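This is what each chain is made of:
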Amino acid sequence: MDVIQSMNGTLWGFAAVLISLVLVQSFLFLRLALSFNRKHDLISKDEINGAVRTGAVAAVGPSINTIVVALSLIAMVGSATTFMRCGVIGAPMWELYMANIAASAAGVTLGGEGFTHAVFTFAIFCMVLGSAPYFINTFIMLKPLDNMVEKSKSSNRKISFMPYLSKSAMFGLLTYSIMDYISKPTSVIAIIAAGLGYFIWESASTKAKSPMMSSLSIGIAMIFGMVAGQVASMIMA
Amino acid sequence: MSENNNKNMTPEQDYRESYMPAVHRIGRITMAVAMLLCFLPWLYYFFVKGYTLPMSTYISGISGIAAIGFGMWISEPEAYWPVLGSAGTYIAYLSGNVGGMRFPVATAVQKNLNTDITTPRGQVATVVGIVSSVVVNLIILLAIVLAGQFVISILPETVLSAFGFCVVAMLGSMICMNLGVGKASGSAVVKNLVGVIPYIAVGICAWLVCNKFFPSLFAWGMAVAVGGSILVGYFIYRNDLKKAETADK
């Protein structure tokens, strides 16, 4: 732990730089989107507020969910590295995994005996390497992908392929993600309860014609699912 | 191009000719800077401080990580891109938590406004939603990092383990949202469900093949699911197109 403590201060400096980059990028995209919106009046002020609320609400659950893993990561690699790695491309679970690979490649255990400055440096390298290739991927691939879409948009077909593209990709992805959980009965209960919660809340907000209520749907449904899953696992235990 | 000229364009034209190029300019520059900056701490400790390890250790670490990561590195952003859009994907892959946070946010925002990412409207709203999630996530993360141990000690065990269900609960509600549950009539929901069954089937097959039958293909699973679904979607589209064109004649 002494090793980590001695490097933690400097690492906070690096963390601050990286987090600033995340914020600057978000700000640049937001400014671009909003000025484009001002010019063409695509979505109203209320709708913008709704989108802000949806983003905020949907971020709370997963952020809190990662507390436990994030805390063990703090214990292993210190607070600065945890903040740096989880705030900039990465999720606590993946970072912990990468740090573990580093430790085992170096023949030590995380935060244990033999976790020297050099091993910690190596662990940081491995965590960074675990996600850095994504930067290269997006740098190379996204522009050609957009050009492809624009090209297919301009063809004069009776109906467009675009709705098919987003719907098929979305359901392929959702189904694939949910399959990881389906073998656990408690998870299935959580899924069903979340669906039910969504149905109840969304019907009510449709009836009330309230977009404000509607932007909370996912958050409310998640609470339903989490409570049901937890209750079920307590009963089954 | 003069400002005046810009104003006379339709949103679609302007979107194609000035918005999209700007997105890629910002995205590519920030990703390149991020690539350099994220290695900075390591460069500093390795070269300036001299905290080195034998080359062999580095090689074994690198190969271990590449073995796990490679498939995801080259396919995952493309799997999320049809939902996040380019701006969203750039933001998501810099800020992290793509599957568990940015993807659900993008979906929810688009559903609420009844639009999708390929329209200028959907683009703008998605960017707003994702940026909002980035800021909230960073605030919570900072709080956790600074006060983590204390927070854990005041939350009861039951509450903490309930959060283990948060991702799966989110996926469940996203499926309902995409089927129009609660918003559309019952028969419309059933019709939506029937329409997406082929994609669900592809997703299940991809999962079984890449997780159960050939676990070594694990890293490719998501790409197979999305790629396969899009392919099936394309066949359905061709079929619908043919119908629409013959009906017209």
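Keep in mind that this is a model prediction, so the values were computed, not measured.

Novice: Got a minute to help me understand the overall build of chain A in this structure?
Specialist: Counting secondary structure elements, chain A contains 10 helices and 0 strands. By the compact-globule yardstick of 18 Å for 237 residues, chain A is too spread out, its C-alpha radius of gyration being 22 Å. The principal-axis extents of the C-alpha atoms in chain A amount to approximately 65 × 50 × 30 Å. In chain A, the proportion of contacts linking residues at least 24 apart, taken out of those at least 6 apart, comes to 66%.

Novice: So what exactly am I meant to see when it comes to the overall build of chain B here?
Specialist: Counting its regular elements, chain B contains 9 helices and 0 strands. Reading the secondary structure of chain B in the N-to-C direction produces α-α-α-α-α-α-α-α-α. Counting only C-alpha atoms, chain B reaches 75 × 55 × 40 Å along its principal axes. Going through the 249 residues of chain B one by one, you find that 48% of them count as buried.

Novice: Is there a simple way to think about the interface of chain B and chain A in this case?
Specialist: One widely used convention gives an interface's size as the accessible area the parts lose upon coming together. The partner chain A presents 127 residues to the 139 residues of chain B that form the contact. Contributions of two or more residues to the side of chain B that touches chain A are made by helix H2 (11-48), helix H3 (55-95), helix H4 (98-112), helix H5 (120-154), helix H6 (157-162), helix H7 (166-179), helix H8 (186-213) and helix H9 (221-248) of chain B. For the side of chain B that touches chain A, the residue count by class is 92 nonpolar, 37 polar and 10 charged.

Novice: Is there a simple way to think about H7(B) in this case?
Specialist: Quick reminder: α-helices carry 3.6 residues per turn. Residues three or four places apart thus point the same way. Residue and element names in this part refer to chain B. Taking 1.5 Å per residue as the helical rise, H7 with its 14 residues ought to reach 20 Å, and the 20 Å between its terminal C-alpha atoms agrees with that figure. Within H7, 13 of the 14 residues are buried, leaving the element largely enclosed by the surrounding structure. Once H7 ends, the next one or two residues include Gly180, with phi positive near 80 degrees.

Novice: Can you help me understand the domain arrangement of chain B in this one?
Specialist: Here chain B is described as being made up of domain 1 (1-52) and domain 2 (180-249). Inter-centroid distance (C-alpha atoms) of domain 1 of chain B to domain 2 of chain B is 33 Å.

Novice: Quick question: what am I supposed to make of the domain arrangement of chain A here?
Specialist: Residues and elements named next belong to chain A. Taken domain by domain, chain A holds domain 1 (2-154) and domain 2 (162-236). Computed over C-alpha atoms, the centres of domain 1 and domain 2 are 25 Å apart. On the side of domain 2, 8 residues touch domain 1, which itself brings 8 residues to the contact. By residue number, the principal contributor to the side of domain 1 that touches domain 2 is helix H2 (residues 45-65), which donates 7 residues. Looking at the side of domain 1 that touches domain 2, its residues break down into 2 nonpolar, 3 polar and 3 charged.

Novice: Hey, could you run me through the environment of B:Ala92 in this one?
Specialist: Residues and elements named next belong to chain B. In this fold, Ala92 is placed in helix H3. Take Ala92: there are 29 C-beta atoms within 10 Å of it, and that puts it in the buried class. Between the C-alpha atom of Ala92 and that of Ile200, which follows or precedes it by 108 residues, the distance is 25 Å. When near neighbours in sequence (up to four residues on either side) are disregarded, Ala92 contacts Tyr80, Leu84, Val98, Arg102 and Ile130.

Novice: Please explain H8(B) as it appears in this structure.
Specialist: At B:Val196, H8(B) is bent by approximately 45 degrees, the largest bend along its length, and proline B:Pro198 sits one to four residues beyond. The set of residues buried in H8(B) consists of B:Val196, B:Tyr199, B:Val202, B:Gly203, B:Ala206, B:Trp207 and B:Cys210.

Novice: Looking at this structure, how should I read the packing of H2(B) against H3(B)?
Specialist: Each pair of packed helices gets described by two things: the angle between the helix axes and the distance between those axes. All names here are of chain B. At their nearest, the axes of H2 and H3 sit 9 Å apart, and the two run at 15 degrees to each other. Considering their axes alone, H2 and H3 lie roughly parallel with respect to each other. Crossing handedness for the pair H2 and H3: left-handed. Contacts between H2 and H3 pair Val23, His24, Gly27, Thr30, Met31 and Ala34 from the former with Ser86, Ala87, Tyr90 and Leu94 from the latter.

Novice: What exactly am I supposed to notice about the nonpolar core here?
Specialist: Side chains of a nonpolar character, in soluble globular proteins, are inclined to be buried together. Grouped together as the largest cluster of nonpolar side chains are 154 residues, with contacts concentrated most on A:Phe29, A:Ala99, A:Ala102, A:Ala123, A:Cys126, A:Ala190 and B:Ala169. Setting aside its immediate chain neighbours within four residues, A:Phe29 contacts B:Ile26, B:Ala87, B:Ile91, B:Val127 and B:Val131.

Novice: Teacher, can you tell me more about the confidence of the model for chain B here?
Specialist: Residue and element names in this part refer to chain B. Across chain B, the average pLDDT comes to 86, with 94% of residues at 70 or higher. Averaged pLDDT values over the elements of chain B bottom out at 51 in helix H1 (residues 3-7) and peak at 92 in H2. The ipTM for the predicted assembly is 0.82, set against a pTM of 0.81.

Novice: It is not clear to me how unusual backbone geometry should be interpreted in this structure. Could you clarify?
Specialist: Trans peptide bonds make up most of the peptide bonds, and negative phi angles are found at most residues other than glycine. The backbone phi angle of A:Asp41 is positive, close to 55 degrees, even though this residue is not glycine. Following the sequence through the fold, A:Asp41 ends up in the loop between helix H1 (2-40) and H2. Judged by the 8 C-beta atoms lying within 10 Å of it, A:Asp41 falls in the exposed class. Positive phi is not limited to glycine here, since B:Asn114 has a value of about 55 degrees. Tracing the sequence through the fold places B:Asn114 in the loop between H4 and H5.

Rules used throughout
Residues numbered from 1 in each chain as written. Chains lettered and ligands numbered in written order. Predicted model: local features only at pLDDT ≥ 70, side-chain atom pairs only at ≥ 80, totals over all residues. Helix = DSSP H or I, 4+ residues; strand = E, 2+ residues; numbered from the N terminus. Rg over C-alpha atoms; globule rule 2.2 N^0.38 Å. Contact = placed C-beta atoms within 7 Å. Buried ≥ 20, exposed ≤ 12 C-beta atoms within 10 Å, placed from the backbone. Nonpolar A, V, L, I, M, F, W, Y, C, P; charged D, E, K, R; others polar. Expected span 1.5 Å × (residues − 1). Domains from an automatic or database assignment. Bend = angle between axes of the 7 residues up to and from the residue. Axes fitted to C-alpha atoms, helices over the stretch in contact; angles between N-to-C directions. Parallel < 35°, antiparallel > 145°, perpendicular 65-115°, else oblique. Left-handed = near helix turned anticlockwise from the far one by under 90°. Core = buried A, V, L, I, M, F, W, Y, C linked by C-beta atoms within 7 Å. pLDDT = per-residue confidence, 0-100.

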